[in-house]
Amino acid sequence: MLWPWRSDAAEVIGAGLEIAALGMGHRQVAARLGLADGTVRGWIRRFRRRSEDVRRYFTVVLVALADDPVMPEPIQTPLSDAVAVVGGGRGAGPGGGGGGVKQKEKEKQVKK
């Protein structure tokens, strides 16, 4: 999926943010993704500015969608915390089968 104002796929931007959340700088992230430094630096800067809002929003979504959500522990930085909660919501909705859903919820889905 492409974001309308971006020429890179959301999956690529997400992967870059996940790498940045590990503590790598924009140059290292750009090198790993094969992209220009300035492009990746822009993603990281914009996400950092909005990271607390993103974390709050996705925490509410995770709680609303998962029967028994696993809330990510605070990690190190607002960026890494926001990336963790976005990742925690993967598959938490109906039929999602994973991500922020505890093991017993996964087992219920397998038994169906």
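Residues numbered from 1 in each chain as written. Predicted model: local features only at pLDDT ≥ 70, side-chain atom pairs only at ≥ 80, totals over all residues. Heavy atoms only, no water.

**Student:** Before we move on, can you summarise the overall build of the chain with the specific residues and values?
**Tutor:** Helix and strand counts for the chain come out as 5 helices and 0 strands. Listing the helices and strands of the chain from first to last along the sequence gives α-α-α-α-α. The contacts in the chain between residues at least 6 apart in sequence include a share of 49% that link residues at least 24 apart. Looking at the chain as shown, the accessible area adds up to about 7,200 Å², and 55% of this sits on carbon and sulfur atoms. (Helix = DSSP H or I, 4+ residues; strand = E, 2+ residues; numbered from the N terminus. Contact = heavy atoms within 4.5 Å. Areas by Shrake-Rupley, 256 points an atom, 1.4 Å probe, with all protein chains shown as cover.)

**Student:** Give me the lowdown on the environment of Arg50, citing residues and values where you can.
**Tutor:** Relative to the elements of secondary structure, Arg50 occurs in helix α3 (residues 37–65). Taking the C-alpha atoms as reference, Arg50 lies 9.1 Å from Ala82; in sequence the two are 32 residues apart.

**Student:** Can you break down the pattern of salt bridges residue by residue, with the values?
**Tutor:** Enumeration according to the criterion identifies 4 salt bridges in this entry. A salt bridge links Asp37 to Arg27; the nearest nitrogen and oxygen atoms lie 3.8 Å apart. Of the two residues, Asp37 is situated in helix α3 and Arg27 in helix α2 (residues 26–33); the sequence distance between them amounts to 10 residues. For Asp37, a relative accessible area of 32% gives the class partly exposed. The closest approach of N and O atoms between Glu52 and Arg56, which form a salt bridge, is 3.6 Å. With Glu52 and Arg56 both in helix α3 and 4 residues apart, this pair spans about one turn of that helix. Look at Arg56 and you get partly exposed, because its relative accessible area is 45%. Here the residues in one salt-bridge network are Glu52, Asp53, Arg55 and Arg56, joined through shared partners. (Salt bridge = Lys/Arg side-chain N within 4 Å of Asp/Glu carboxyl O. Buried < 20%, exposed > 50% of the residue type's maximum accessible area, 1.4 Å probe, protein only.)

**Student:** Describe the packing of aromatic side chains, with residues and values.
**Tutor:** All told, the structure shown has 1 aromatic pair when counted by the stated rule. Summarising the aromatic geometry, the rings of Tyr57 and Phe58 are spaced 5.3 Å apart at their centres and angled 85 degrees between planes, so their arrangement reads as edge-to-face. With relative accessibility at 53%, the residue Tyr57 sits in the exposed group. Classification of Phe58 by relative accessible area gives partly exposed; the value is 29%. (Phe/Tyr/Trp six-rings, centres within 6.5 Å; stacked < 30°, edge-to-face > 60°.)

**Student:** Can you lay out a positive patch on the surface for me, pointing to particular residues and giving the numbers?
**Tutor:** A surface patch of like charges, here positive, comprises Arg41, Arg45, Arg49 and Arg50. Turning to its location among the elements, Arg41 is positioned in helix α3. In this structure Arg41 comes out as partly exposed when scored by relative accessible area, which is 30%. (Patch = residues over 30% accessible without salt bridge, like charges linked within 9 Å, V, L, I, M, F, W, Y side chains within 5 Å. Lys, Arg positive; Asp, Glu negative; His and termini not counted. Charge placed at Lys NZ, Arg CZ, Asp CG, Glu CD.)

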